[in-house]
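# Chain and residue survey
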Amino acid sequence: MSTEPEQKQLLHLVLGGELASLDGITFKDLAKLDIVGVFPNYATAHTAWKAKAQQTVDQAQTRYFIVHLHRLLDPETAKA
């Protein structure tokens with residue numbers, strides 16, 4: 001049994017892929033979308049995002065994003 005207080009779970013999704021254009025956020029091929037994963041907080045999502053972004057640094061049209069799922073699931077957490 002843990003004595004540490006439980007932190008509130010704020011889900012984040014990391015995904016990415018090749019964009020159709022550098023001027024927008026439309027993916028070229030949704031079938032090739034890279035779903036990195038769902039993470040329990042921003043810090044772990046950011047770590048995963050950074051690793052993927054660094055792997056694709058030489059591919060100018062490839063971008064990775066962090067989606068704040070908790071804001072979609074519970075708009076009241078948008079303040080968090």
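Reference entry: report on the structure contained in this document. (Residues numbered from 1 in each chain as written. Predicted model: local features only at pLDDT ≥ 70, side-chain atom pairs only at ≥ 80, totals over all residues. Heavy atoms only, no water.)

Secondary structure assignment for the protein chain yields 2 helices and 3 strands. Sorting the 80 residues of the protein chain into buried and exposed places 25% on the buried side. For the protein chain, long-range pairs separated by at least 24 residues make up 61% of all intrachain contacts whose partners lie at least 6 apart in sequence. Only carbon and sulfur atoms are counted for the fraction: they give 56% of the accessible area of the protein chain, which is about 6100 Å². (Helix = DSSP H or I, 4+ residues; strand = E, 2+ residues; numbered from the N terminus. Buried < 20%, exposed > 50% of the residue type's maximum accessible area, 1.4 Å probe, protein only. Contact = heavy atoms within 4.5 Å. Areas by Shrake-Rupley, 256 points an atom, 1.4 Å probe, with all protein chains shown as cover.)

Attention now goes to the sheet that holds strand β3 (residues 62–67). Sheet strands line up and pair through hydrogen bonds in the backbone, either parallel or antiparallel. Pairing is antiparallel across the open sheet formed by 3 strands, whose spatial order is β2-β1-β3. Every other strand in the sheet has two partners, leaving β2 (34–39) and β3 as the edge strands with one partner each. Averaged over all neighbouring strand pairs, the angle between strand axes comes to 15 degrees, with direction disregarded. On the sheet, helix α1 (residues 42–55) packs against β1 (12–18), β2 and β3 and is oriented at approximately 175 degrees with respect to β3. (Pairing = 2+ DSSP bridges. Axes fitted to C-alpha atoms, helices over the stretch in contact; angles between N-to-C directions.)

We now examine the environment of Leu22. Within the element layout of this structure, Leu22 appears in the loop between β1 and β2. Sequence separation between Leu22 and Arg63 is 41 residues, and the spatial gap between their C-alpha atoms is 9.3 Å. When residues no more than four places from it in sequence are discounted, the contact partners of Leu22 are Ala60, Gln61 and Arg63.

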